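Overview (structure and organization)
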Amino acid sequence: MDLVTGQEVLDEKRSEDDHNISSWFTSTKNLSEKPLAKPSSSTKRPASSSMNLLEDLFFFFFLTRALITHTNAIMEGDQETEVYTLVARKPSFDLPTACPNCLPAYIYLKLAQLPFELAFNSTFPDSDELPYFENGTYVAYNNEDGGVIEKLKKDGIVNLDVPLQTLPEYLSLKALIVSWLGEALTYEIWVGTEGISTSKIYYSDLPWVISKALFYKQTYMAKNRLGITKETAEQREKQIYKRASEAYEALSTRLGEQKFLFEDRPSSLDAFLLSHILFIIQALPETSALRCKLLEHSNLVRYAEKLKAEFLEASSSSPSPPLHSFPSSFSRKGSKPKSKPKVEKTAEEKKFKKRARFFLAAQFLAVVMYLSVMGGGSSDELEYEDEDD
Amino acid sequence: MANPAEKPDPNLSTPKIEPEDEREELEDMNGDEEEEEEYEEEDDGKPQTREDAIASRIQAESLFRRMRAAPVPVRVHDVIVKGNEKTKDHVIEAEVDVVRQATTLQELLKASKVANFNLQALDIFDSVSITLDSGPPELPGTTNVVIHVVESKSPITGQIGTFTKAEARSSSLEGSLKYKNIFGYGDIWDGSLAYGCDHSAEVGLGMYLPRFRGRPTPFTSRVYLSNQDWLKFSSYKERALGLSFGLIASKYHELVYTTAWRNLIDPSKMASSSIRRQLGHNLVSALKYTFKFDQRNSSLRPTRGYSFISTSQIGGLAPDSRVLRFLRQEVDLRYAVPLGFYRAALNFGVSGGITFPWGSGYKSRASYVPERFFLGGNLSPVCSLGGPSALWGFKTRGLGPSERRREVQDDESSDTHERDFVGGDVAVTAFADLSFDFPLKWFRDRGIHGHVFACAGNMAELSENKYRKLTAPKLLETFRSSIGAGIVVPTSLFRMELNYCHILKKQEHDRAKSGLFVTFSTS
């Protein structure tokens, strides 16, 4: 659901609630009026007193509910979106988001069963900031603090890895998935398949001129990142594919027929691995070498299909699954953009530079004014000439 | 009977008898330098005797008497161009075409004046002179027009100036190098570098052609790379690489086509939600039409007259639907009334603008932030013609719809969040300004004068379905206004105002303060 439909849903809900509030008040009014309307109808005295108590309780309950809903409606109107939103690149290839950097964050939130909205940004294919997670004025960018997932863990919004971080296997598996498999995927998208899939992933909403220029730019940057030059191209390719094969082998052995990588609880590594497998199977062409290597390990494919069916397709139909695994109060521990001493220094520097600029501008002004004012009425003459016309 | 076209020679000595006005006309006609003694040079070089001088004077007098009495019929037989080594003949002849249509000597003199002015305006000649020579002897009543030009020796010129760029909404310093007449078509090539007060920079290459494929108006084209820094106000930086063509440029009409690749980025990572959604790349392909009618007597200190400007822009002119689609209309009306004492004048101005996206789903789509309206800044509303832009007392981008920026937990920062000004889709401003001279002569001589002013303005958002929430009473209720008085100092580079502004009404998050305020404007 993108932002527009989300906003419309909120609008409808708000108008619904407004309507409901008035109907609740009338219903409560009716409830309170009812005993008065029929004062002598009941002969069962003890039952009537308990009925009165019940009706009072109902009245109190409805009133509280009406107040809460109305307050929520007001708060939503003021702060627009206090819901969680993940902004990612557009969907394609039957994936909720076709970008291989955005998919892990999406899957992680789905594994954690955190309700969130999905919004799209389709005009910034070369940005490191996407995907980003926002909630009101809180934003977690992907190019800060090690990525969106790390930032969400650090800021206490959702952390699936709490009991696993101490395990030695956790770090080694993470390194394997994030670096070896990550590199293999980057290579395959930009070099191995020559960017066939990139037009649908990144450039579907950009005009041809811009998309061509950005495609060359991103291919060049990917090659730089992977250390691929004319001399090292072949050797690097062999190394990348060999590492990918070994990683698949290791992961396949580690996984076996388990549901998740670690016992029976989902973790961020499952999000990374699942996103990697789904992307390769669905977004890359059948001629891709990496895809062929992956398909040799059928248990990895089955693992992906099972998790996809359970978390991605099922949760898209159910409205709001039970919330757990995140604290009710957020402890946002200092997501500082810079370290303290650096901030002080740059603030002082900025002040000094500003003052210097003002000083220079004032000097220049004084000189110009002196020249013009003391120079006599030359500009005045021009104005008089204009008047004569 | 003397040939009526014979030597209207301005070099006659002791021109006591010659009528004053006709002598002036002839002098003007021949440009600033080099009065040609064409006719006398064509003689065999005999030293002019006193008798010859008297004879020529008598002839000239009789000619002038005839001209005063009745129109002297004459026909232009030929236009001869001399002195052009690089410049193509047809370029010069196109500018002096008006001369061929003259039927009397009086008309011919006027037409020659116009032709001289046109050639000077090409800016590629050091001097231009036009003389009238007698036509071939077998055709009486004809004349040859001889144009003598001296091409510029140094084709490269440089200049530095201050301008107010409409897009950047601030004053900028621009330096440019011009290379003139490389190919002989009157072409002027220029490279320029501009730096604005708001840390905006632009580098560009332009070309100017006075005649392009026989079209009557000049043709200009420009390639530019610009960088505008709005981080402090709206948390984004705008980079643009563009190509623009000036298709029509006449006194009242201007038509420009621009195509540009614009990129919005946020290196500070502090942007608010609306700005975050707009970051990225966009292709703009837009046609802009400006109708300008300016009858004021001055653009820096108007004391009489009125002006009207209407700018219409349509973006998305490309077969690709992914190109940015928007409509933009700005209107500006000014009126100046002289009051008669101390050169005082009352200036009124009203300006408004509206922008809206078009295409499928246009009501719910957001308008593009750089195309929105932003009010406020160090410009004077009296001088900034062309749409709502400035209000006295309000800082750059200091009023209008705003949003909270990203929250960052920092021990040193205060609890209050700073806000991004996201601009409005509709804006309207109005001002009234009374300017007057000071009684002291010292101030009057230098053009320093005072003024008292009042202004009001407002903005609102329309896109993303926000037009549903907008009502006229609400718009009137939230109008911002200010009054003040100040001194205006016109310098050679710009017009500076030192004002004291008092903010009468502002909204909660506006950046405006009562106090001293300096503005800079260029014409």
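What counts and how
Residues numbered from 1 in each chain as written. Chains lettered and ligands numbered in written order. Predicted model: local features only at pLDDT ≥ 70, side-chain atom pairs only at ≥ 80, totals over all residues. Heavy atoms only, no water. Helix = DSSP H or I, 4+ residues; strand = E, 2+ residues; numbered from the N terminus. Buried < 20%, exposed > 50% of the residue type's maximum accessible area, 1.4 Å probe, protein only. Contact = heavy atoms within 4.5 Å. Areas by Shrake-Rupley, 256 points an atom, 1.4 Å probe, with all protein chains shown as cover. pLDDT = per-residue confidence, 0-100. Salt bridge = Lys/Arg side-chain N within 4 Å of Asp/Glu carboxyl O. Axes fitted to C-alpha atoms, helices over the stretch in contact; angles between N-to-C directions. Parallel < 35°, antiparallel > 145°, perpendicular 65-115°, else oblique. Left-handed = near helix turned anticlockwise from the far one by under 90°. Nonpolar A, V, L, I, M, F, W, Y, C, P; charged D, E, K, R; others polar. Domains from an automatic or database assignment. Buried area = accessible area lost by both parts, 1.4 Å probe. Polar contact = N/O pair within 3.5 Å; in protein donor to acceptor, adjacent residues only side chain to side chain. Phe/Tyr/Trp six-rings, centres within 6.5 Å; stacked < 30°, edge-to-face > 60°. UniProt positions renumbered as here; feature names shortened; annotations may be inferred. Pairing = 2+ DSSP bridges. Lys, Arg positive; Asp, Glu negative; His and termini not counted. Patch = residues over 30% accessible without salt bridge, like charges linked within 9 Å, V, L, I, M, F, W, Y side chains within 5 Å. Charge placed at Lys NZ, Arg CZ, Asp CG, Glu CD.

So, about the overall build of chain B. The helix and strand inventory of chain B stands at 10 helices and 21 strands. In chain B, which comprises 523 residues, the proportion classed as buried is 50%. For chain B, the proportion of contacts with a sequence separation of at least 24, taken over those separated by at least 6, is 59%. Carbon and sulfur atoms make up 58% of the accessible area of chain B, which totals about 24,800 Å².

What follows is about the confidence of the model for chain B. All names here are of chain B. Residues of chain B with pLDDT of at least 70 account for 87%, and the chain-wide mean is 82. Confidence drops under pLDDT 50 across residues 1-45; counting only partners more than four residues distant or on other chains, this segment forms 76 contacts. We note a pTM of 0.73 for the whole complex and an ipTM of 0.75 for its interfaces.

Residue and element names in this part refer to chain B. One pass over the structure, following the stated rule, counts 37 salt bridges over all chains. Two residues, Arg262 and Glu371, come together in a salt bridge whose shortest N-O distance is 2.9 Å. Residue Arg262 is located in strand S10 (residues 253-265), and its partner Glu371 is located in the loop between strand S14 (345-357) and strand S15 (402-404); the two are separated by 109 residues in the primary sequence. For Arg262, a relative accessible area of 15% translates into the label buried.

Residue and element names in this part refer to chain A. Contact pair helix H3 (residues 103-111) / helix H9 (residues 268-283): the axes reach a minimum separation of 8 Å and the direction vectors enclose 130°. When the interaxial angle is binned, H3 and H9 end up oblique. For the crossing formed where H3 meets H9, the hand is right-handed. Between H3 and H9, the residues in contact are Leu103, Pro104, Ile107, Tyr108 and Leu111 and Ser268, Asp270, Ala271, Phe272, Leu274, Ser275 and Leu278, respectively. Its residues assigned to classes, the contact of H3 with H9 shows 9 nonpolar, 2 polar and 1 charged.

Residue and element names in this part refer to chain B. Domain boundaries assigned for chain B yield domain 1 (61-151) and domain 2 (156-406 + 418-522). Distance from the C-alpha centre of domain 1 to the C-alpha centre of domain 2: 43 Å. Contacts between the two partners involve 10 residues from domain 1 and, on the opposite side, 10 residues from domain 2. At the boundary of domain 1 with domain 2, total buried surface from both sides reaches about 930 Å², with 53% on carbon and sulfur atoms. Looking at the side of domain 1 facing domain 2, the largest losses of area belong to Lys86, Asp123 and Ile124, adding up to 43% of the total buried there. Here domain 1 and domain 2 share 4 residue pairs in polar contact (both at pLDDT 80 or more) between them. Among the residues making up the side of domain 1 that touches domain 2, the classes are represented as 4 nonpolar, 2 polar and 4 charged.

For the rest of this paragraph, the subject is unusual backbone geometry. Cis geometry marks the peptide bond from Leu130 of chain A to Pro131 of chain A, where omega comes out at 0°. Along the chain, Pro131 of chain A turns up in the loop between strand S2 (117-120) and strand S3 (132-135). Positive phi values are uncommon outside glycine, yet Arg343 of chain B reaches one of about 55°. For Arg343 of chain B, the position within the fold is in the loop between strand S13 (326-338) and S14.

Glancing now at the packing of aromatic side chains. As enumerated under the stated definition, the model contains 24 aromatic pairs over all chains in all. Measuring from centroid to centroid gives 6.0 Å for Trp190 of chain A and Phe215 of chain A, while their planes differ by 35°, and the two rings are tilted. Residue Trp190 of chain A is found in helix H5 (residues 168-192), and its partner Phe215 of chain A is found in helix H7 (residues 208-226); the two are separated by 25 residues along the sequence. Note on accessibility: Trp190 of chain A and Phe215 of chain A belong to one class, buried. On the basis of an interplanar angle of 25° and a centroid distance of 4.1 Å, the ring pair of Trp392 of chain B and Phe453 of chain B is categorised as stacked.

In this section: the UniProt feature "domain: POTRA" (unreviewed entry) in chain B. The sites that UniProt annotates as "domain: POTRA" (unreviewed entry) are residues 74-151 of chain B. Here residues 74-151 of chain B is 36% helix and 36% strand, with 30 Å between the C-alpha atoms at its ends.

To continue, consider the sheet that holds strand S3 (residues 142-151) of chain B. All names here are of chain B. In space, the 3 strands of this open sheet follow the order S1-S3-S2, with mixed pairing throughout. At either end of the open sheet lies a strand with only one pairing partner, and these are strand S1 (75-82) and strand S2 (125-134). Sheet twist, expressed as the mean angle between neighbouring strand axes with direction ignored, is 20°. Direction of pairing for S2 relative to S3: antiparallel, over a ladder of 9 bridges. Residue pairing across strands places Leu132 opposite Val145, the latter belonging to S3. Running at roughly 160° to S2, helix H6 (residues 105-121) makes contact with S1, S2 and S3 of the sheet.

Bringing the side chain of Asp187 of chain B into the picture now. Residues and elements named next belong to chain B. Turning to its location among the elements, Asp187 is positioned in the loop between strand S5 (170-180) and strand S6 (188-196). Buried charge without a salt bridge: Asp187, with Lys88 as the nearest opposite-charge side chain at an N-O distance of 7.9 Å. At 3.2 Å, the side chain of Asp187 forms a polar contact with the backbone nitrogen of Ile182. With near-sequence residues (within four places) excluded, Asp187 lies in contact with Tyr179, Lys180, Asn181, Ile182, Tyr208, Leu209 and Pro210.

Residue and element names in this part refer to chain B. The grouping of Ile156, Leu177, Tyr179, Ile182, Phe183, Tyr185 and Trp189 at the surface amounts to a nonpolar patch, some 680 Å² of accessible area in total. Note on placement: Trp189 falls in strand S6. A relative accessible area of 32% means that Trp189 is categorised as partly exposed.

Let us look at the sheet that holds S2 of chain A. Residue and element names in this part refer to chain A. Judged by pairing direction, the sheet is mixed, and its 4 strands sit side by side in the order S2-S1-S3-S4 without closing on themselves. Both edges of this open sheet fall to S2 and strand S4 (138-140), since each of them pairs with a single strand only. This sheet shows a mean twist of 25° between the axes of neighbouring strands, independent of strand direction.

Residues and elements named next belong to chain A. The pLDDT averaged across chain A works out to 76; a share of 68% of its residues lies at or above 70. Confidence over residues 318-341 falls short of pLDDT 50; this stretch has 36 contacts with residues more than four positions distant or in other chains. A low-confidence stretch, residues 377-389 stays under pLDDT 50, and its non-local contacts, those more than four residues away or across chains, total 18 contacts.

On the UniProt side, "domain: Metaxin glutathione S-transferase" (unreviewed entry) is annotated at positions that read residues 244-306 of chain A here. Secondary structure within residues 244-306 of chain A divides into 70% helix and 0% strand; the distance between the first and last C-alpha atoms comes to 23 Å.

Residue and element names in this part refer to chain B. Burial of the side chains of strand S17 (residues 426-437) is restricted to one face: Ala427, Thr429, Phe431, Asp433, Ser435 and Asp437 are buried, whereas none of Val426, Val428, Ala430, Ala432, Leu434 and Phe436 on the reverse face is. Bridge analysis of S14 against S17 gives 10 bridges, and the strand direction is antiparallel. If you follow Gly353 over to S17, its bridge partner there is Ala427. As judged from the 12 bridges shared by S17 and strand S18 (residues 449-460), these two strands associate in the antiparallel manner.

A few words now on a positive patch on the surface. A surface patch of positive charge is lined by Lys353, Lys354 and Arg357 of chain A together with Lys232, Lys395 and Lys513 of chain B. Per element, the largest residue contribution to the positive patch is 3 residues, and it comes from helix H12 (residues 340-374) of chain A. Counting through the fold element by element, Lys513 of chain B comes out in the loop between strand S20 (495-505) and strand S21 (515-521).

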